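Breakdown of the fold
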Amino acid sequence: MKFSTLAAGLLSAAGLAFAQGEAATGSVSKGPFPFDLNGSNFTYPYPVNVFTFTSQQQKLQMAFMDVKPTCAPNGQTAVLLHGKNFCGATWNSTIVALAGAGYRVIAPDQVGWCKSSKPESYQFSLNQLAWNTRGLLNTLGIGNITLIGHSVGGMLSTRFALQYPNTIDRLVLVDPVGLEDYVEKGVPYVSIDTDIAAEAAQTFAALKGYEQSIYYAGQWDDSYTIWVTMLTNVYFGSKRAQFIKNQGQIVDMVLTSPVVQYFKDVVSKTLLIIGDQDKVAIGANWSPPEVAANLGHISVIGPQVCDTIPDCTLYQFPTLGHAPQISAPSNFTRVVLDWLEQ
Ligand SMILES: *[C@@H]1O[C@H](CO)[C@@H](O)[C@H](O)[C@H]1NC(C)=O
Ligand SMILES: *[C@@H]1O[C@H](CO)[C@@H](O)[C@H](O)[C@H]1NC(C)=O
Ligand SMILES: *[C@@H]1O[C@H](CO)[C@@H](O)[C@H](O)[C@H]1NC(C)=O
Ligand SMILES: *[C@@H]1O[C@H](CO)[C@@H](O)[C@H](O)[C@H]1NC(C)=O
Ligand SMILES: CC(=O)N[C@H]1CO[C@H](CO)[C@@H](O)[C@@H]1O
């Protein structure tokens, strides 16, 4: 059966119209793929598949893991969206817990990141990345999902929820970027070229130092190191030039497409998880001190945003920072599963 017939059948059977908007169409391959897949030779915890589709007049690939439930299936699919300094692989412990609770788990790498295509020319937008991701799910025949997004992946999940509201059963936002509008709060605009130059200057030590101070409340645990290794592998890998360009474009995308104004329009049942020590604020590092001082107070703006989402539950980890799924994996998955299983 052709994809369009399959998707139309599934969606109409579920009572959905295509009025919610179109999405990518393409095909899925299970490989085998080269050891160095689109500039990353980091070994993922589960087999990697590739979704090939056309976007902006070029063939692109999104790598993703598709993990079966490891106990009696509950019939539901959880989709995990990574953040800017992360990949699908960073969800490892979350994948284990969700698959162990009966979920099928899909963890993609977005275009511009990790093992996915790094196009030399691409107009990045959160809506475009949502279109790509929804298309991957349609191609796999997956209808309603539990969508879990972290950091920039949380911002993307918010756009996804606005764009495809009828395909989300539950939404979990984990320390999402975009709880405030950085530009509105005074972050000066810098060019994409400046963003690219900053990406080109990244090193293992610089990334580790940034993550320690901004993500992990000054702490470092040896278990975090692998995720910096995974990232530097791409920064210094075979697609370095395209990767740093794409990452610069992605910083611009985050600054120029705020979501905070739209949380009131999110109709999905939502769990917002924050670490009170999270200090992430895009552009704070090039803003004047008085602007920077007003940014990244996640423990204050998290509750404010949750108040504006019509159906929101807030969970705060007082001692954790930007990545609770990495710094306290079992606490994190317990919070998520308790809420999902309510
Ligand atoms: C993923 O988790 C499994 C099980 O906990 C562990 O054995 C493996 O080393 C982890 N892999 C990565 C890349 O973190
Ligand atoms: C998806 O889940 C939401 C919330 O449970 C529900 O409103 C919607 O009808 C579901 N969509 C489909 C296609 O089942
Ligand atoms: C993997 O990529 C890194 C660069 O990120 C490179 O230094 C290393 O040689 C590559 N390993 C192999 C086996 O290709
Ligand atoms: C994680 O859970 C354990 C056991 O309930 C608790 O002692 C610990 O304080 C929790 N850690 C965090 C960071 O929430
Ligand atoms: C842009 C690019 O190099 N894409 C490659 C990503 O990996 C897939 C699978 O090996 C290739 O088919 C693409 O050419």
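Just so you know, these numbers come straight off a predicted model, no measurement behind them. (Residues numbered from 1 in each chain as written. Chains lettered and ligands numbered in written order. Predicted model: local features only at pLDDT ≥ 70, side-chain atom pairs only at ≥ 80, totals over all residues. Heavy atoms only, no water.)

**Regarding the site of ligand 4**
Neighbouring residues of ligand 4: F317, T319, L320 and N331. N331 has a polar side-chain atom sitting 2.4 Å from an oxygen atom of ligand 4. A per-class count over the shell around ligand 4 returns two nonpolar, two polar and no charged. (Near = heavy atom within 4 Å. Polar contact = N/O pair within 3.5 Å; in protein donor to acceptor, adjacent residues only side chain to side chain. Nonpolar A, V, L, I, M, F, W, Y, C, P; charged D, E, K, R; others polar.)

**Points about the UniProt feature "domain: AB hydrolase-1" (unreviewed entry) in the chain**
Taken from the UniProt record, the annotation "domain: AB hydrolase-1" (unreviewed entry) applies to residues 79–281. The span residues 79–281 is 41% helix and 14% strand, and its two end C-alpha atoms sit 25 Å from each other. (UniProt positions renumbered as here; feature names shortened; annotations may be inferred. Helix = DSSP H or I, 4+ residues; strand = E, 2+ residues; numbered from the N terminus.)

**Quick look at the nonpolar core**
Among the nonpolar cores identified, the biggest contains 101 residues, and L98 and Y182 are the most heavily contacted of them. Counting residues in hydrophobic clusters, the runner-up holds seven residues, among them V228, L231, V234 and Y235. (Core = buried A, V, L, I, M, F, W, Y, C linked by side-chain atoms within 4.5 Å. Buried < 20%, exposed > 50% of the residue type's maximum accessible area, 1.4 Å probe, protein only.)

**Looking at the layout of surface pockets**
When its volume is computed, the largest pocket comes out at roughly 610 Å³. Going through the elements one at a time, α5 (192–200), α6 (204–215) and α8 (240–256) are the ones with two or more residues in the lining of the largest pocket. Across the lining of the largest pocket, the residue classes break down as 17 nonpolar, six polar and four charged. Put simply, the second largest pocket is a space of about 200 Å³. In terms of lining residues, the second largest pocket is bounded by 14 residues, among which F33, P34, F35, V48 and K115 are the most central. (1 Å grid on protein atoms, 1.4 Å probe; cavity = no way out; pocket = protein on both sides within 12 Å on 5 of 7 lines; lining within 4 Å. Points joined across faces, edges and corners; volume = space filled by probe spheres on them.)

**Points about empty space enclosed by the protein**
According to the stated counting rule, one finds two cavities of 30 Å³ or more in the structure shown. Its boundaries defined by the atoms lining it, the largest cavity holds a volume of some 40 Å³. For the largest cavity, the full set of lining residues is D175, P176, V177, G178, L179, E180, Y182, D278, V280, I298, I301 and H322. Taken together, the residues that form the lining of the largest cavity break down as seven nonpolar, two polar and three charged. In this model, the second largest cavity occupies a volume close to 30 Å³. What lines the second largest cavity is simply H82, Q110, W113, L126, L129, V152, G153, L156 and M253. Of all the secondary-structure elements, those providing two or more residues to the lining of the second largest cavity are α3 (126–139) and α4 (152–163). Residue composition of the lining of the second largest cavity, grouped by class: six nonpolar, three polar and no charged.

**Some details on the confidence of the model for the chain**
Chain-level pLDDT for the chain is 94 on average; 94% of the residues reach the 70-or-more range. Between residues 1–19, whose pLDDT stays under 50, and residues either more than four places distant or in other chains, the model counts 13 contacts. (pLDDT = per-residue confidence, 0-100. Contact = heavy atoms within 4.5 Å.)

**Some thoughts on the sheet that holds strand β3 (residues 58–67)**
As summarised here, the arrangement of the nine strands in space is β1-β2-β3-β5-β4-β6-β7-β8-β9, forming an open sheet in which the pairing is mixed. Every interior strand has two partners, whereas the edge strands, β1 (26–29) and β9 (312–317), have only one. Each neighbouring strand pair of the sheet contributes to a mean axis angle of 20 degrees, computed without reference to strand direction. Here β1 pairs with strand β2 (residues 48–55) via four bridges, running antiparallel. Along β2, the bridge assignment pairs S29 with V50. In the packing of α4 onto the sheet, the strands contacted are β4 (77–81), β6 (145–150) and β7 (168–174), and the crossing angle to β6 comes to about 145 degrees. (Pairing = 2+ DSSP bridges. Axes fitted to C-alpha atoms, helices over the stretch in contact; angles between N-to-C directions.)

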